[in-house]
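What follows is each chain in one-letter form.
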Amino acid sequence: MAAKHNSEAAEATSAVLGLDIGGTKLAAGVVGADGTVHSFLVTPTLVQEGVQAVLARLFDLGHKAMDESELAPQRIAAVGIGCGGPLDPEAGVLLCPPHLPGWIDVPITRLTEDRYGLPAVLDNDATAAATGEHRFGAGRGTRHMIYLTVSTGVGGGIVVDGCTYRGAAGNGGELGHVTVDRNGRHCRGCGRAGCLEAYVSGTSIAERAREAVAEAEAAGRPTTLSACSPLTAADVSREAAAQDAVATQVWVATTQALACGVTSLVNVFEPELVVLGGGVTRAGEQLLAPVRRIVRERAMGPAAHAVRIEPARSGDRVGVVGAAAVAFERVVTTTTGPEGNRLHG
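This is a predicted model, so every value here is computed, not measured.

Chemist: I keep staring at the pattern of salt bridges and nothing clicks. Help me out?
Modeler: Two side chains with opposite charge may pair up if their charged atoms get near one another. A full pass over the atoms with the stated rule returns 15 salt bridges. Put simply, R115 and D60 hold a salt bridge, and the shortest N to O gap is 2.8 Å. With a gap of 55 residues between them, R115 in helix α3 (residues 108-116) and D60 in helix α2 (residues 51-69) connect regions that are remote in the sequence. The shortest N-O distance in the salt bridge between R238 and D235 comes to 3.0 Å. Linking R238 with D235, this pair stays in helix α7 (residues 233-241), spanning three residues, or about one helical turn. Residue D235 is classed as buried on the basis of its relative accessible area, which comes to 11%.

Here it is in structure tokens:
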């Protein structure tokens, strides 16, 4: 792999290409050292077409993003890649991500370096998002931060003493699989019972809403959710805001479960800041306000007083910005975590 760059001057003038590999969409963009997004493109993954076809589409998208950034090619110093795990971030290999069926032991970092002629690094997408929010977004300047993305699934990342924590095997920070009810709902993400993801992800909100609608209809109780097809988490938040009783029931349960998970994380890590991102957080204060209130009431005293809970600032670009932040961290500036948690780009 190409040597890391140590010059502060090089960092200030450099940009990196960020690639985000999702099960439904691919995204690419060029991001500057100050977090400016110079280009951002999205295309469907079409995972059913197979690994080679998807990789070709991803790499073409990256080239288009570089062209549209209108930056001189020599300013692009590296490529950062974000993808759901499990993966080996040090070796740069996608092991067997469930959202990408058939992607077994794909050496994504090497393939990327071969395609672009640039050093490349890989990280878990939620960990990368945490790195991006810490470096460029809501967490800038904080020492201790928790990031949760609440979307189709629930992922997370942890920043301790200003460094991204990745765990012994590089897959630490699976905060969506904190247990909130040991005898609870089946988690589609990991197969266990009672995970946070099984209650607050967009997928689970919609699933619980469908169950609640069926119960209401069987009991002869009207609900505006009956007219929503397909029923989504956004429908639930909208109709709850409009005072529909069934939607409100589902939404209150969602905010309580999320607050339960966040409270546990706050008690364990005592962060200055918890950042919430992902599609479900588009509900804004309808989600954030009750979570803040419950965490303030239930977290242990010092931790409750120390923490702020804020929305992410990167929006829909968080995957690309996060991947880019990892490239800046591990390639351009060679920032590393504590010994034993070190990753070599």
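Chemist: For this particular structure, what's the right way to read the pairing of strand β1 (residues 15-21)?
Modeler: Remark: a regular strand shows side chains that alternate across the two faces of the sheet. When you tally the buried positions in β1, you get seven out of seven residues, the bulk of the element. Burial along β1 is two-sided: the residues A15, L17, L19 and I21 and V16, G18 and D20 are all buried. Of the strand pairs in this sheet, β1 and strand β2 (residues 25-32) are connected by seven bridges, and their pairing is antiparallel. Directly across from I21, in β2, lies its bridge partner L26.

Chemist: Would you mind going over the sheet that holds β2 with me for this structure?
Modeler: The mixed open sheet is built from five strands, whose spatial order is β3-β2-β1-β4-β7. Each edge of the open sheet carries a strand with a single partner, namely β3 (37-44) and β7 (120-124). Taken over all neighbouring pairs, the strand axes of this sheet differ in orientation by 15 degrees on average, direction set aside. The strands touched by helix α4 (residues 125-136) are β1, β2, β4 (76-83) and β7; relative to β7, the strand with the most contacts, the crossing angle is about 105 degrees. Where helix α11 (residues 318-332) meets the sheet, it contacts β1, β2, β3, β4 and β7, and its direction lies at approximately 130 degrees from that of β1.

So, how was this worked out
- Residues numbered from 1 in each chain as written.
- Predicted model: local features only at pLDDT ≥ 70, side-chain atom pairs only at ≥ 80, totals over all residues.
- Heavy atoms only, no water.
- Salt bridge = Lys/Arg side-chain N within 4 Å of Asp/Glu carboxyl O.
- Helix = DSSP H or I, 4+ residues; strand = E, 2+ residues; numbered from the N terminus.
- Buried < 20%, exposed > 50% of the residue type's maximum accessible area, 1.4 Å probe, protein only.
- Pairing = 2+ DSSP bridges.
- Axes fitted to C-alpha atoms, helices over the stretch in contact; angles between N-to-C directions.
- Contact = heavy atoms within 4.5 Å.

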